[in-house]
Every structure is written in C-alpha cells, then in structure tokens.
Amino acid sequence: METRRDGWVSSQFQAPKGVSEYFPPRSNLFERVIQTLISPALAAGYEPIELPIFEDTELFTRGVGESTDVVSKEMYTFEDRGGRSITLRPEGTAGVMRAVIEHNLDRGQLPVKLYYKGPFFRAERPQAGRYRQFYQFGIEAIGINDPQLDAEVIAIAYLGYKRLGLKNFVLHLTSLGDSESRKAHRSALISHIEKMHLDEETRLRAAKNPLRLFDDKRREIQSQMQGAPLLLDYLNDVSKSNFAAVQKALQSIGIPYEVNPRMVRGLDYYTGTTFEFVHSGLGAQSGIGGGGRYDGLMETLGGQDLSGIGFGLGIDRVILAMEAEGLSISNERYTDLFVVSLGEKAREESFVIINQLRNQGFVVEQSYGDRALKGAMKAADKSGARFTMVIGDAELTSGSIELKNMATGETTSVTLSALAQTLAEKSRQL
Ligand code: HAM
C-alpha cells in the first residue's frame, strides 16, 4: 500500500485469494500437461465438449448432492440480474449430463464419449494444492455399463500420468455396488452409526449420506468408524462379478491398483466402480484425479435412465506432482531462429523474411526497435533459439547471411533465398 502526497492511497492489485494462475515459463508446462493428458482420450475416441462456467444452482444441488461439502459449503452461488440463482461450476459431470440431455446427445450411438478441460470453482480454505479456482481435465462415457469401459476410463488417466513421466502415484479402487448392495450396506451402516456419539450436525449429515462418515477427518469420528461395515462386504453376486471383471481388465493391460474399501468420493452421484489416483509427494492434497460410475445421475437430472462413468484430473496437482518428481522443464519454449536486424533497411527486409519463415512453419523470433548488436545478441541467447542470424546493410548487398548454430557456435554462409531450405535441413540433422 502506498500513500501519495495528495493523500491518494494506491494499492497494487492482487489475484483473488486462493486462485491458481500460470505465467511463463510454468504456463508452458500447464499447456503440455493438458495436451498430454488429452492424447490417450483421443486415441479412445473421446470428443471435446465446451460448456458454460456457470449453471443453474439446482443442477449441482440435485446432481452432486446436498450432503457433500462441495454443495453445502463450497459453492460460489449468486443471483444474476434476472433474479436466477447461478453457481460457478464446482465440477464437470453434472454440466455434461445437462448438455447431453438438453441436446439429445444420448439418442444416437452409445456410449457418448466426451472430454472437457477448464476452470472449476470451490470456496475451500486455500492451501498448497487446494485452490478456489482450479483446473481439471475430465472425460465422461455415457450410456453403456460394461466393465471394460470402466477399465478403459481408468487406463486413459493412468496412461496420461505415465506419459508425463509420473511414477510416485497409486490407483485406489473400490466398488459401491448396485442399488441392492448399497441398500443392504446402508441399513447395516446406519445401525452402526446410531450407536456412535455424534454432534447434531454430523448426525444430520450422516442421515443424508451415511458413507460421508468414512471421509470425516476428525479423530473421534475415525476411531468410532473403525469397525463400521464396509460396502465391499455387502456386494451382491452381480456387483461382485462386475467388480472382478473390472479388475481382470485392468490386470490384462498391466495397470496396478490397490483395492481400498474405505475410500469415499466427495460427490454423491457415484455407484459401482470408483477410483482415485493418489500421489505421494503432495502432502495433504494428494488426490491428483478421481472418478467413477454414476448410475441414476442422468435420470435425477431429468434424462433417460442411462449409466455413465468418467474422471476429473486436477491439472494444478499434476503440475505440483511433476515438480515434486523433478519432471518440470523450466523453459519449454522452442525457437528455430532468432533474427537480429541492424539498420532501417534491414529491419524492413527481415520483417518480410521472418513472416515468410513463420508461414512455412518455423518458430522465429526477432529483436525489436533499434537495439545495439550486443543487446540484440543477448536477447537471441536468452530466447534459447537453435540458430541466429544477423542481417545488416552488408548482408542485404551480398544477399547472404551467416547462420549460427547456438549450441556449437558453428556458422554457415547461406543465401537469403536458400534460408528456409537450409534451416529445414539443419533442423532435421539435430
Ligand atoms: P473430484 O474428485 O471432486 O471429482 O475432483 C477431481 C480432481 O480435481 C481431484 O482429484 C483433484 O485433483 C482436483 N481438485 C478438486 N478440488 C480441487 C481444488 N480445490 N484445488 C485443486 N484441485 C482440486 C470430480 O470433480 C468429478 N466430477 C470427477 C468425475 C468425472 N467423476 C465422474 N466423472
């Protein structure tokens, strides 16, 4: 904060509390992470969907569930100018289902396979790896209930992490079973909970979704939940064989996992297969991605009774995980050529040459303004360009320049007309 002599108090603007943002050089890693995570989804036939960042509040209260922290405590909800209740999307699945229903995407070939990426919003207490605006890459496969599809979805996330070079993560897997299995487990769990000592708020929360108590971090709750009945022990034969088939499919393609029967996802729509990828280098916010199957969500939102499965991967945490494993590259920018031009005439000519080279697909940077040679060469060095060239009056007259390989220091005389061809040949040799 600064007070000027005339009494005006000026303060420097800062980003709102708890948002994640990316600027060079780290923003290059951000883009690479997204593109890499998308690649296995493209190979499996998923198509992009771009959705609004805000939706009707009710989409999330109904879709995600009122017992969840996400809905009860963390939504950015406001009234728009027309008096409608609007919420910044805290997650992607409900919006995708809304769009699938609204645009009849589920009336053609099934499954509908979609992917999305972008910012999501949860008013959480900010800490390392937990932000109020964060980024996800997600996929959803809607309309088919097949254990191979569950394994495919998990494999896409796994492959994406692997392609980024990540090693120190574990896939936690469980099944929440079908509705019959969940019903049997629910009544056993409720009888267990009735005997527990709980405050009023927790009891109300448990009444909405008793599974939530598995996720309660307070020690007094955790100790009372030690002997609580586990859903995996209540799976009926259909659910059991379904879960076995998912595991068999994962084994057949070499994807390691740990069955974790106490895992509870933070959203209420899950049924059947659920999973989370946990990284060991991130402290408390260790979930780098998670997802699962959601029977019933589509019907709850007014659509057909179709099942779906998907995941959301936390881009911010994936980046932190890469940094924890020493996988980030500080400068990912790639430049073929840096052009230094000296004098007005050379600047005019090189502007045209640079434009031609860029149109041919080369990444070309240049010095701007009337910079002295020394400063311009410094900029060339900093750019990390593979080659540099200086163009001045002498080069214009002779029609030939010296192309300098910045790694070896070696220079080659090249005519301006052969520049593109030489650059292409030399790049191929690298
Ligand atoms: P989720 O587990 O709530 O699932 O979020 C997915 C991932 O987003 C988490 O594993 C984490 O990496 C990241 N994430 C969540 N909250 C934050 C935060 N405050 N700051 C940074 N990263 C965060 C879903 O959102 C589901 N829609 C996933 C899904 C798709 N399930 C089925 N289809």
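Presented here is a report on the structure given in the accompanying data block. Computed from a predicted model, the values in this text were never measured in an experiment. (Residues numbered from 1 in each chain as written. Predicted model: local features only at pLDDT ≥ 70, side-chain atom pairs only at ≥ 80, totals over all residues. Heavy atoms only, no water.)

Below, the discussion takes up the overall build of the protein chain. Check the secondary structure of the protein chain and you find 15 helices and 18 strands. By the compact-globule yardstick of 22 Å for 430 residues, the protein chain is too spread out, its C-alpha radius of gyration being 28 Å. By principal-axis analysis of the C-alpha atoms, the protein chain measures approximately 90 × 70 × 40 Å. Out of the 430 residues in the protein chain, the part that is buried amounts to 48%. Look at the contacts in the protein chain between residues 6 or more apart in sequence, and 69% of them connect residues 24 or more apart. Of the roughly 22,200 Å² that the protein chain leaves accessible, carbon and sulfur atoms contribute 50%. (Helix = DSSP H or I, 4+ residues; strand = E, 2+ residues; numbered from the N terminus. Rg over C-alpha atoms; globule rule 2.2 N^0.38 Å. Buried < 20%, exposed > 50% of the residue type's maximum accessible area, 1.4 Å probe, protein only. Contact = heavy atoms within 4.5 Å. Areas by Shrake-Rupley, 256 points an atom, 1.4 Å probe, with all protein chains shown as cover.)

Looking at where R212 falls in the secondary structure, it is placed in the loop between α7 (200–208) and α8 (219–225). Of note is the side chain of R212, whose polar atom sits 3.5 Å from the backbone oxygen of G266. When residues no more than four places from it in sequence are discounted, the contact partners of R212 are S67, T68, R205, V264, R265, G266, L267 and D268. (Polar contact = N/O pair within 3.5 Å; in protein donor to acceptor, adjacent residues only side chain to side chain.)

Bringing the nonpolar core into the picture now. Ranked by internal contacts, the top residues of the largest apolar core, which has 92 residues, are F137, Y161 and F277. Once residues within four sequence positions are removed from consideration, F277 is found in contact with I154, A157, Y158, Y161, F169, V170, L171, S286, G287, I288 and G289. Grouped together as the second largest cluster of nonpolar side chains are 17 residues, V339, F362, V364 and A420 included. (Core = buried A, V, L, I, M, F, W, Y, C linked by side-chain atoms within 4.5 Å.)

Turning our eyes to something else, we now look at the packing of helix α1 (residues 26–43) against helix α5 (residues 147–163). Close contact between α1 and α5 brings their axes to 8 Å; oriented N to C, the two are set at 140°. Judged by the angle between their axes, α1 and α5 are oblique. Two packed elements cross with a definite hand, and for α1 against α5 that hand is right-handed. Contacts between α1 and α5 involve T36, L37, S39, P40 and A41 from the first element and I156, L159, G160, Y161 and R163 from the second. (Axes fitted to C-alpha atoms, helices over the stretch in contact; angles between N-to-C directions. Parallel < 35°, antiparallel > 145°, perpendicular 65-115°, else oblique. Left-handed = near helix turned anticlockwise from the far one by under 90°.)

Let us now look at a positive patch on the surface. Residues R371, K374, K378 and K382 make up a contiguous surface patch of positive charge. Locating K382 in the fold gives a position in helix α13 (residues 373–383). (Patch = residues over 30% accessible without salt bridge, like charges linked within 9 Å, V, L, I, M, F, W, Y side chains within 5 Å. Salt bridge = Lys/Arg side-chain N within 4 Å of Asp/Glu carboxyl O. Lys, Arg positive; Asp, Glu negative; His and termini not counted. Charge placed at Lys NZ, Arg CZ, Asp CG, Glu CD.)

Quick look at the packing of aromatic side chains now. In the structure shown here, the tally under the stated rule is 14 aromatic pairs. Note on Y269 and Y294: the rings are 5.7 Å apart at their centroids and 70° apart in plane angle, and the pair reads as edge-to-face. Of this pair, Y269 sits in the loop between β10 (258–259) and β11 (271–279) while Y294 sits in the loop between β12 (287–293) and α10 (297–300), and the two are 25 residues apart along the sequence. Judged by relative accessible area, Y269 falls into the buried class, the value being 7%. Members of the aromatic cluster, connected to one another through ring pairs, are Y158, Y161, F169, F275 and F277. Above the plane of the ring of F120 lies R89, whose end atom (NZ or CZ) is 4.2 Å from the centre. (Phe/Tyr/Trp six-rings, centres within 6.5 Å; stacked < 30°, edge-to-face > 60°. Lys NZ or Arg CZ within 6 Å of the ring centre and 35° of its normal.)

Where empty space is left in the structure can be found by rolling a water-sized probe over the atoms. In this structure, the second largest pocket encloses a volume near 620 Å³. Forming the boundary of the second largest pocket are 36 residues, of which R182, N209, L211, D268 and Y270 lie nearest the centre. Of all elements in the fold, only α2 (57–63), β9 (169–175), α6 (179–194), β11 and α10 reach the threshold of two or more residues within the lining of the second largest pocket. A per-element tally of the lining of the second largest pocket places α6 first, with 5 residues. Tallied by class, the residues present in the lining of the second largest pocket amount to 15 nonpolar, 11 polar and 10 charged. (1 Å grid on protein atoms, 1.4 Å probe; cavity = no way out; pocket = protein on both sides within 12 Å on 5 of 7 lines; lining within 4 Å. Points joined across faces, edges and corners; volume = space filled by probe spheres on them. Nonpolar A, V, L, I, M, F, W, Y, C, P; charged D, E, K, R; others polar.)

Fair warning: the whole summary comes from geometry, so function is off the table for now.
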